[in-house]
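Residue-level listing of the chains:
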Amino acid sequence: LQSAGSRGEQARQLVIDLETRGKQAFPIFLSILRDTGQGDLADMLTEECKCPPAPPQGVDLRPVELDLRAEKHNKSNCEMSSVKDSLASYPAGSASKRSEAPCACQVYQLKADPCGHCLILNNVHFSSSSNLSTRNGSDVDCEKLEKRFKALRFNVLTRRDLKAQEMVSELQKLARRDHSAVDCCVVVILSHGCQTSHNQFPGGIYGTDGKPIPIEKIVNYFNGSHCPSLRGKPKLFFIQACGGEQRDRGFVVDCDSPDNEAPGGSLESDATPFQTPAGNVDEPDAVASLPTPSDILVSYSTFPGFVSWREVASGSWYVETLDRVLEQYASSEDLLNMLLRVANTVSAKGRYKQMPGCFNFLRKKFFFAGK
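The name an unreviewed UniProt entry gives the protein chain is CASP9 protein, with Podilymbus podiceps as the organism.

Shown next, in the form of structure tokens:
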């Protein structure tokens, strides 16, 4: 706690520590206060943390929206509310209701309309010299996500079949935009992928010319140093590409996992071989001295090192599931909870397995704002 800084920061860190210690942490903390002669403080905290009556069943309450200028003024009340929330017990596997949402200062505020820009890079056809196959079914993915993010109040721009440098140019163009009037930014990349040398975010994405771009290089175009108008705002990346060549056959469990067809026929992967860079030199924009990322989430279609499966007719397992989950739950659940649903559904598909995951550096809960 002493390393947290001022007494106020130490108090905030104490609240965070209590939240991560389970639902018995706060009662034990109160008991210790009383045992050490600080009963008045314990009584005050007990009184402050009395939970309000539960809202009526079926009522869908959205997170309270606070003026960001008042965030500092309300921070102490929000911290007490977070202690209260940490003591609440939610049934395992149940949907997270907006009526149970945390204090507004713990939720990203999406008030703008459109709420942000969404760039979709969709690579389908690759040059013959790249030795990369045509990504049949990717246009199905692209169309689904265009419609979905428009419905979620994003200004959507799609670019198709770009070489690596053209992809970089589009990403940099988006990063250089003035995002002051919007609250969020989304980047979707649909392409072949590979393993790369990395310090922060694993994996790389191929342009249609067969040249890879490290994902961490892509992400860092949008960090606080390179994109100041997105500082403090959520930046979301959805990557449909292979993380490597390994094919996961899974392991036997006692469950009713669907037994889909094995890869073959219309089922394809986005895998390409891992190539170690010459001289073991890092990419120039992916060195350890880059600023620590914040307000960033990178959602991968598959675990690093493994292939990502795509149906010719229905698109990739990951995008198909992501679109369906967003359609059903975006109005009531936060993004991380929905990504757990995506991971659970995709992991149950097929004889060859696939495990989506994410690197999460968000500071608050993220709820999409639908129309």
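There is more to say, and it comes next.
Visitor: Before we go on, may I ask you to explain the sheet that holds strand β1 (residues 116-122) in this structure?
Guide: Whether parallel or antiparallel, the strands of a sheet pair through hydrogen bonds between backbone atoms. Within the open sheet, the six strands sit side by side as β2-β1-β3-β7-β9-β12. Their pairing is mixed. The sheet is open, and its two edges are formed by β2 (154-160) and β12 (357-361), each paired on a single side. Pairwise comparison of adjacent strand axes, ignoring direction, gives a mean angle of 10 degrees for this sheet. Here strand β7 (residues 235-240) runs beside strand β9 (residues 296-300); their pairing, made up of five bridges, is parallel. Directly across from Leu236, in β9, lies its bridge partner Leu297. Docked against the sheet, helix α5 (residues 138-151) engages β1, β2, β3 (184-190) and β7, running at close to 160 degrees with respect to β2. Along the sheet, helix α8 (residues 317-329) contacts β3, β7 and β9; its crossing angle with β7, the most-contacted strand, is approximately 135 degrees.

Visitor: Would you mind showing me how to read the nonpolar core here?
Guide: Among soluble globular proteins, nonpolar side chains are generally buried collectively. Formed by 37 residues in total, the largest nonpolar core has its most connected members in Phe149, Phe154, Leu236, Phe238 and Phe368. Elements represented by at least two residues in this core include exactly β1, α5, β2, β3, β7, α8 and α9 (335-347). The leading source of residues in this core is α8, at seven residues. Here Phe154 is in contact with Pro114, Cys115, Gly116, His117, Cys118, Phe149, Cys184, Val186 and Phe368, once residues within four sequence places are set aside. One finds Leu119, Ile189, Ile215 and Phe237 within the second-largest nonpolar core, a separate group that totals 28 residues.

Visitor: Whenever I open this one, the packing of α8 against α9 confuses me. Can you help?
Guide: Packed helices, taken two at a time, are described by their axes: the angle between them and the distance between them. Two numbers describe how α8 lies on α9: the axes approach to 9 Å, and their chain directions differ by 135 degrees. Here α8 is positioned oblique relative to α9, judged by the angle of their axes. Once α8 is placed against α9, the crossing between them reads as right-handed. Side by side, α8 and α9 meet where Trp317, Tyr318, Thr321, Leu322, Arg324, Val325, Leu326 and Tyr329 of the first sit next to Met338, Leu339, Arg341, Val342, Thr345 and Val346 of the second. A breakdown of the residues in the contact of α8 with α9 according to their chemical character gives ten nonpolar, two polar and two charged.

Visitor: Mind showing me how you'd approach helix α2 (residues 25-35) here?
Guide: Residues that lie three or four places apart on an α-helix share one face, since the helix turns once every 3.6 residues. Within α2 the residues assigned to the buried category are Ala25, Phe26, Phe29, Leu30 and Leu33. Taken end-on, α2 shows its buried residues confined to a sector of 135 degrees, consistent with a single buried face. A positive backbone phi angle near 80 degrees is found at Gly37, which sits one or two residues after α2.

Visitor: Just checking my understanding: could you explain the pairing of β2 for this structure?
Guide: Working note: regular strand, side chains alternate between the two faces of the sheet. In terms of strand pairing, β1 meets β2 through seven bridges, oriented parallel. When the sheet's bridge partners are listed, Gly116 is paired in β2 with Phe154. Handedness of the crossover joining β1 and β2 through α5: right-handed.

Here is what the cut-offs are and how they apply
- Residues numbered from 1 in each chain as written.
- Predicted model: local features only at pLDDT ≥ 70, side-chain atom pairs only at ≥ 80, totals over all residues.
- Heavy atoms only, no water.
- Pairing = 2+ DSSP bridges.
- Helix = DSSP H or I, 4+ residues; strand = E, 2+ residues; numbered from the N terminus.
- Axes fitted to C-alpha atoms, helices over the stretch in contact; angles between N-to-C directions.
- Contact = heavy atoms within 4.5 Å.
- Core = buried A, V, L, I, M, F, W, Y, C linked by side-chain atoms within 4.5 Å.
- Buried < 20%, exposed > 50% of the residue type's maximum accessible area, 1.4 Å probe, protein only.
- Parallel < 35°, antiparallel > 145°, perpendicular 65-115°, else oblique.
- Left-handed = near helix turned anticlockwise from the far one by under 90°.
- Nonpolar A, V, L, I, M, F, W, Y, C, P; charged D, E, K, R; others polar.
- Arc of directions from axis to C-beta.
- Right-handed = clockwise from strand over helix to strand, strands pointing away.

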